[in-house]
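Commentary on secondary and tertiary structure
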Amino acid sequence: ERVRLDGLKRRVKDAESALESAEQRRDELKGARAALEAKATHPGPEEWEQAERAIKAAEDAVTTGGKIRDAVQTRDKIAATRRKGKWAGGHPVLGYDVDPVAYKLVVNEGEAERVRAIFGLYREKEALLPVVRELAQRGWATKRWTTRKGSPRGGQPFDRTSLYRLLTNPVYVGRVKYKAEVHPGEHDGIVSPDAFDAVQALLRRNGATGGAQARGE
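Just so it is clear, the model here is predicted, and its values are computed rather than measured. (Residues numbered from 1 in each chain as written. Predicted model: local features only at pLDDT ≥ 70, side-chain atom pairs only at ≥ 80, totals over all residues. Heavy atoms only, no water.)

1. Structural notes on helix 6 (residues 193–206)
- Over its 14 residues, helix 6 extends 20 Å from the first C-alpha to the last, a length consistent with the 20 Å expected when each residue adds 1.5 Å.
- Among the residues making up helix 6, those that are buried are Ala-195, Phe-196, Val-199, Gln-200, Leu-202, Leu-203 and Asn-206. The arc enclosing the buried residues of helix 6, seen along the axis, measures out at 160°, which places them on a common side. For helix 6, the exposed residues lying more than 90 degrees away from the buried face are Asp-194, Arg-204 and Arg-205. (Helix = DSSP H or I, 4+ residues; strand = E, 2+ residues; numbered from the N terminus. Expected span 1.5 Å × (residues − 1). Buried < 20%, exposed > 50% of the residue type's maximum accessible area, 1.4 Å probe, protein only. Arc of directions from axis to C-beta.)

Dropping the structure here:
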């Protein structure tokens, strides 16, 4: 119920913003109409300019309102998809491929082994930077994938940011995240909940640095 209430509040706020903009444009149109009616037979350059400016502003408001509506609908669709545990798109993550037909995450066994090893390395070293160095020595990189247009993406050496994102991604325990919400996913997890929770505890203990400052890295 709280999730539905929060979503409804966001939609009301977006609608209020769109209505406020539309009301302002309506007032401008009324002023332009009054000016034209005052000089109905021979409106001057100022009246023409005022009317054209008001019409243009109103047209822009209609376009903006449509964009807001489309954005809200897209956001709501993504939220609904995630809350059902479905993959809602975005960059593929190491350990999974995206089924092009069912459009869902499927386990890539070779990559999954690496993901589990990365979690193990952080539990062993308890800091991000030593793990980054170890991954560089092994030649392990971020997820490689190809866009629909055939352009290659990913495959970059890990840095602390990309490693932190991997270690904190609930997708690895079979969950999907939407903003602050985490929901059970329809895909299989590849990291045990115990291992994932242990890493989260270490990350929280070490803070944003992942333990680097504490160890003088």
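2. Digging into the pairing of strand 6 (residues 181–184)
- Here strand 5 (residues 175–178) runs beside strand 6; their pairing, made up of four bridges, is antiparallel. Considered in strand 6, the bridge of Arg-175 is made with Pro-184.
- If you look at the hairpin formed by strand 5 and strand 6, you'll find two residues sitting between the two strands, and Lys-179 has a positive phi there, around 55°. (Pairing = 2+ DSSP bridges.)

3. Some thoughts on the environment of Ala-195
- Mapping Ala-195 onto the fold places it in helix 6.
- Judged by relative accessible area, Ala-195 falls into the buried class, the value being 13%.
- Taking the C-alpha atoms as reference points, Ala-195 and Val-173, separated by 22 residues in sequence, lie 9.5 Å from one another.
- In this structure, Ala-195 is in contact with Phe-119 and Arg-123, ignoring residues within four places of it in sequence. (Contact = heavy atoms within 4.5 Å.)

4. Some details on the packing of helix 3 (residues 109–125) against helix 5 (residues 160–167)
- Interaxial distance between helix 3 and helix 5 falls to 11 Å at its minimum, and their mutual angle equals 105°. Our classification of the angle between helix 3 and helix 5 gives roughly perpendicular. Across from Val-115, Ile-118, Phe-119 and Tyr-122 in helix 3, the residues of helix 5 making contact are Leu-163, Leu-166 and Leu-167.
- Its residues placed into classes, the contact of helix 3 with helix 5 shows seven nonpolar, no polar and no charged. (Axes fitted to C-alpha atoms, helices over the stretch in contact; angles between N-to-C directions. Parallel < 35°, antiparallel > 145°, perpendicular 65-115°, else oblique. Nonpolar A, V, L, I, M, F, W, Y, C, P; charged D, E, K, R; others polar.)

5. What about unusual backbone geometry?
- At Tyr-103, a residue that is not glycine, the phi angle is positive and equals roughly 50°.
- As for its position among the elements, Tyr-103 is in the loop between strand 1 (96–98) and strand 2 (105–107).
- Given a relative accessible area of 37%, Tyr-103 falls into the partly exposed group.
- A positive phi angle, close to 55°, is found at Glu-126, a residue other than glycine.
- Looking at where Glu-126 falls in the secondary structure, it is placed in the loop between helix 3 and helix 4 (128–138).

6. A few points about the packing of aromatic side chains
- Enumeration over the complete set of coordinates arrives at three aromatic pairs.
- Pairing Tyr-96 with Tyr-172 gives two aromatic rings, centres 6.2 Å apart and planes at 25°, and the pair type is stacked. Taken as a pair, Tyr-96 in strand 1 and Tyr-172 in the loop between helix 5 and strand 5 lie far apart in primary sequence, 76 residues in all.
- On the basis of relative accessible area, Tyr-172 is assigned to the buried category, the value being 2%.
- Seen in terms of ring centroids, Phe-119 and Phe-196 are 6.0 Å apart; in terms of plane orientation they differ by 35°. Their pairing is tilted. Placement of the pair is Phe-119 in helix 3 and Phe-196 in helix 6, with a sequence separation of 77 residues.
- Each member of the aromatic cluster is reached from another via a ring pair, and the members are Tyr-96, Phe-119, Tyr-172 and Phe-196.
- When the ring centre of Trp-140 is taken as origin, the NZ or CZ atom of Arg-138, which lies over that ring, is 4.9 Å away. (Phe/Tyr/Trp six-rings, centres within 6.5 Å; stacked < 30°, edge-to-face > 60°. Lys NZ or Arg CZ within 6 Å of the ring centre and 35° of its normal.)

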